[in-house]
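Given next are the chains, with one letter for each unit.
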Amino acid sequence: MATKPGFLTDWPWKHLGSFKYIILAPWGMQSIYRAATQEGEERDYTNMLIIPFLLWRALHNQIWISISRYRTAKGNNRIVDRSIEFEQVDRESNWDDQILLNGILLYFFNTILGKAAFLPVWRTDGVIITILLHAGPVEYIYYWLHRALHHHYLYSRYHSHHHSSIVTEPITSVIHPFAEHISYFLLFAIPILGTVLNGTASLASIFGYITYIDLMNNMGHCNFELIPKWAFSLFPPLKYIMYTPSSDALYETALKRQEDCPDVVHLTHLTTPESIFHLQFGLASFASRPQSPKWYMWPLTCWSMMLTFIFKRTFVVERNALDKFKLQTWAIPRYSIQYSLKWQAQAINDLIEEAILEAEARGAKGEELNRNGALFVEKYPKLNINIVDGSSLAIALVLNSIPKGTTEILFRGSLSKVAYAIVCALCQQGIQVATFYENEKLKLSAVTQNKVIVAKSFTQKVWIVGDGVSDDEQLNAPKGTLFIPFSQFPPKKTRNDAFYYHTPSMLAPPSLHNLHSCENWLPRRVMSAWRVAGIVHALEGWDVHECGDTIFDVKRILGAALRHGFRPTTVST
């Protein structure tokens, strides 16, 4: 928001929220009707291509967003070495408003101007006129308009909203108040309306010109340099055709900036086929609903799965900083289902092994694995990094979540190192542990050497749940039951009369920077226990592995996390 918001700051459809797209529905339906009822020369392809063109603009911008966030996570060629926070992400979440406005104006002029309909695909004279009008009057007027927007009166009321984003992303280029966007659309309409009125316009000149503007805006607002120096040396006039995000001196510095050498690496993996879109460089609208897959995303999903299969390389997902420590999250390009396939075991282990060795080569002090990792400690006994699977902190947070005075709990979920440790600790505290099935009871009793029973009635008000708990099983719980997950991913919520705790996680301290995304099922600035554990090991300087069957002192690691400013989370719903 601008310092002193001026007239027409808000977009007219702000209060419609996600329903704002219905604004284009009448024109869209009209285009579909014409396409279905008209044939040959009766069809106005200019009108019919407006919606596809708007979708192309949205895709074009999303590609730039994804590239930018991936490059920001890697850290190389970075210009401004500062962090992005949730406040900026919120402010820039309406970047598609200008695409809606573009659609309204295209349909408006297509309807009222006869010359704006039935345009040819290409006219060379129209393309040349568009270039000349942009290079001449548009660039000249834009220069003075931009200077005027930096005058204190207009800057405080309008343009300061744009400059609130200190660390720019490509889409920062279109984050302006409504009134400011009107001025830009009037300006950039000069080449479009000019060619329409003199009869030289074409689909290529109009759609190509707008795509060019998008390209320059996105490239010019990246927080990294993309164009190599040799390109300007090879073709000097290039600097008059495009602009880079920084000035000459800063441009040279940014090109030389190398990738960060992390102190702590959190190693994770993809879960469902759609999970790649939930990452920081994915799609925010899908990330907010990670357990609701969209059928219409499957073509893109299949394409992304093919890429991960072909390239087979761990990639950087996120970069954070806490005090003097640099933190990174790396993702293995394998999905949860592949971890259960025996024939995939060696390939996955090879990827994990490569990631560990790369982290060591880059000077990491700690490495977190979602698997137990003992194999790699045995294979490389002289590792200079510590492998931390994060189990101890997860166990501590689950035990800390159980209400005082609890005498019995029901356990249900996939059996793991964490599950056995939790059940063992509960039994030692005198809490009766019950389970659904005889085979679970036998395994838990044998490993923990404590008595676990099979539940005959489901009166327990506290359920410890993990991967594998079903909707039908949840329906057996009495009203008001507390579902406390011990897994990294939450169970599907099937009860409205029960309480679901967050997965083991902690609220990050204010000193942890660049945290503008998190696991999609957790609140803002909340990190999973598996991520926090490696950070705490590094902060404390503990020179020990926490992997295999090893369980670190749960009270000690929880106390250390609290000392460093992390705070446990509570009930989610």
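Residues numbered from 1 in each chain as written. Predicted model: local features only at pLDDT ≥ 70, side-chain atom pairs only at ≥ 80, totals over all residues. Heavy atoms only, no water.

Concerning the sheet that holds strand β6 (residues 408-412)
- Taken in spatial order, the 6 strands make up an open sheet running β8-β7-β6-β9-β10-β11, and their pairing is parallel. The open sheet has two edge strands with one neighbour each: β8 (452-454) and β11 (499-500).
- Examined bridge by bridge, β6 and strand β9 (residues 462-465) share 3 bridges and lie parallel to one another. Each residue of the ladder has a partner; that of F411, found in β9, is I464.
- Across the sheet, helix α20 (residues 438-448) is in contact with β6, β7 (432-435) and β8; its angle to β8 comes to roughly 175 degrees. (Pairing = 2+ DSSP bridges. Helix = DSSP H or I, 4+ residues; strand = E, 2+ residues; numbered from the N terminus. Contact = heavy atoms within 4.5 Å. Axes fitted to C-alpha atoms, helices over the stretch in contact; angles between N-to-C directions.)

Section: the packing of helix α18 (residues 391-401) against helix α19 (residues 417-428)
- Running from amino to carboxyl end, α18 crosses α19 at an angle of 40 degrees, the nearest separation of the two axes being 10 Å. Taken together, the axes of α18 and α19 lie oblique to each other. Between α18 and α19 the crossing geometry is right-handed. Of the residues in α19, those touching α18 at S391, I395, V398 and L399 are K417, V418, A421, I422, A425 and L426. (Parallel < 35°, antiparallel > 145°, perpendicular 65-115°, else oblique. Left-handed = near helix turned anticlockwise from the far one by under 90°.)

Section: the nonpolar core
- Among the nonpolar cores identified, the biggest contains 35 residues, and W95 and I206 are the most heavily contacted of them.
- Those elements that provide at least two residues to this core are α3 (50-74), α5 (97-112), α6 (124-149), α8 (178-197) and α9 (203-220).
- Ranked by the residues each element gives to this core, the list is headed by α8, at 7 residues.
- In contact with I206, other than residues within four places in its own chain, are L106, L119, I192, V196 and A201.
- By size, the runner-up hydrophobic cluster in this structure holds 29 residues, among which are L393, A396, A560 and A561. (Core = buried A, V, L, I, M, F, W, Y, C linked by side-chain atoms within 4.5 Å. Buried < 20%, exposed > 50% of the residue type's maximum accessible area, 1.4 Å probe, protein only.)

Examining the packing of aromatic side chains
- One pass over the full model with this rule turns up 16 aromatic pairs.
- Look at W27 and Y107: their rings are 5.5 Å apart centre to centre, the planes differ by 5 degrees, and that puts the pair in the stacked class. Here the residue W27 occupies a position in helix α1 (residues 25-37), and Y107 occupies one in helix α5, the gap between them amounting to 80 residues.
- With relative accessibility at 25%, the residue W27 sits in the partly exposed group.
- Each member of the aromatic cluster is reached from another via a ring pair, and the members are F436, Y437, F458, W463, F483 and Y500.
- The cationic tip of R157 hangs over the ring face of Y153; the distance from NZ or CZ to the ring centre is 3.8 Å. (Phe/Tyr/Trp six-rings, centres within 6.5 Å; stacked < 30°, edge-to-face > 60°. Lys NZ or Arg CZ within 6 Å of the ring centre and 35° of its normal.)

Description of a nonpolar patch on the surface
- A surface patch of nonpolar side chains, about 680 Å² in accessible area, is lined by W230, L234, F235, Y240 and I241.
- Secondary-structure elements contributing two or more residues to the nonpolar patch are α10 (229-234) and α11 (238-241).
- Take W230: it is sitting in helix α10.
- The exposed category is assigned to W230, whose relative accessible area is 58%. (Patch = residues over 30% accessible without salt bridge, like charges linked within 9 Å, V, L, I, M, F, W, Y side chains within 5 Å. Areas by Shrake-Rupley, 256 points an atom, 1.4 Å probe, with all protein chains shown as cover. Salt bridge = Lys/Arg side-chain N within 4 Å of Asp/Glu carboxyl O.)

Some points on the UniProt feature "domain: Fatty acid hydroxylase" (unreviewed entry) in the protein chain
- The feature "domain: Fatty acid hydroxylase" (unreviewed entry), as annotated in UniProt, sits at residues 137-247 in this numbering.
- Each end of residues 137-247 is marked by a C-alpha atom, and these two atoms are 24 Å apart; helix forms 60% of the span and strand 0%. (UniProt positions renumbered as here; feature names shortened; annotations may be inferred.)

Quick notes on the sheet that holds strand β12 (residues 505-507)
- Strand order in the open sheet formed by 3 strands is β14-β12-β15, and the pairing between neighbours is antiparallel. The sheet terminates laterally at β14 (526-528) and β15 (567-568), the two strands that pair on one side only.
- Relative to β15, β12 runs antiparallel, the two sharing 2 bridges. Note that in β15 the partner of M506 across the bridge is P568.

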